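Chain by chain, the residues run as shown.
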Amino acid sequence: MNPIMQAVAAFTEYQHQQREAFALTRLRDELLKHKVHAELRDNDSALVTHRPGGAGLPMWVFVEYGGAYYSWQSAEKRHPVSDLQGAAQVLADYVGR
């Protein structure tokens, strides 16, 4: 791969990471409206939240499937990124706020 192609590939990956980080930041902010505390982790590539009272393991949320879905529970659960309010409601219900 020549240097120009490497630069384009690196920039494309950077843009992808930025879109995912922005989607997770928006979800974190929306979850606060549902009284669910969540934190960005791992270079803004994941969102982590805990169940009320610290019961159980933390839940990790990622942006996957080409940036189209928030996913959690080992990708068994997912919700479209395009429905931010719905995703926050589903996650809030899931963690048992």
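Read on for a plain summary of the structure.

1. With respect to the sheet that holds strand S3 (residues 59-64)
Reading across the sheet, the 5 strands line up as S1-S2-S3-S4-S5 and stay open at both edges, with antiparallel pairing between neighbours. Whereas interior strands pair on both sides, the edge strands pair on one side only; in this sheet they are strand S1 (38-41) and strand S5 (77-80). The sheet shows a mean angle of 25° between the axes of neighbouring strands, taken without regard to direction. Relative to S5, strand S4 (residues 69-72) is paired through 4 bridges, and the arrangement is antiparallel. Residue pairing in the sheet places Tyr70 in a bridge with His79 of S5. Across the sheet, helix H1 (residues 3-33) is in contact with S1, strand S2 (46-49), S3 and S4; its angle to S3 comes to roughly 135°.

2. Brief notes about the pairing of S2
Residues Ala46 and Val48 line one face of S2 and the alternating positions Leu47 and Thr49 line the opposite face, and both faces are buried. For S1 and S2, the ladder comprises 4 bridges, and the chain directions are antiparallel. If you follow Arg41 over to S2, its bridge partner there is Ala46. With antiparallel pairing between neighbouring strands as the criterion, S1 and S2 make up a hairpin whose turn holds 4 residues, including Asp42 at a positive phi of roughly 50°. Across 3 bridges, the pairing between S2 and S3 is antiparallel. Bridge pairing links Thr49 to Met59 in S3.

Definitions and limits used
Residues numbered from 1 in each chain as written. Predicted model: local features only at pLDDT ≥ 70, side-chain atom pairs only at ≥ 80, totals over all residues. Heavy atoms only, no water. Pairing = 2+ DSSP bridges. Helix = DSSP H or I, 4+ residues; strand = E, 2+ residues; numbered from the N terminus. Axes fitted to C-alpha atoms, helices over the stretch in contact; angles between N-to-C directions. Contact = heavy atoms within 4.5 Å. Buried < 20%, exposed > 50% of the residue type's maximum accessible area, 1.4 Å probe, protein only.

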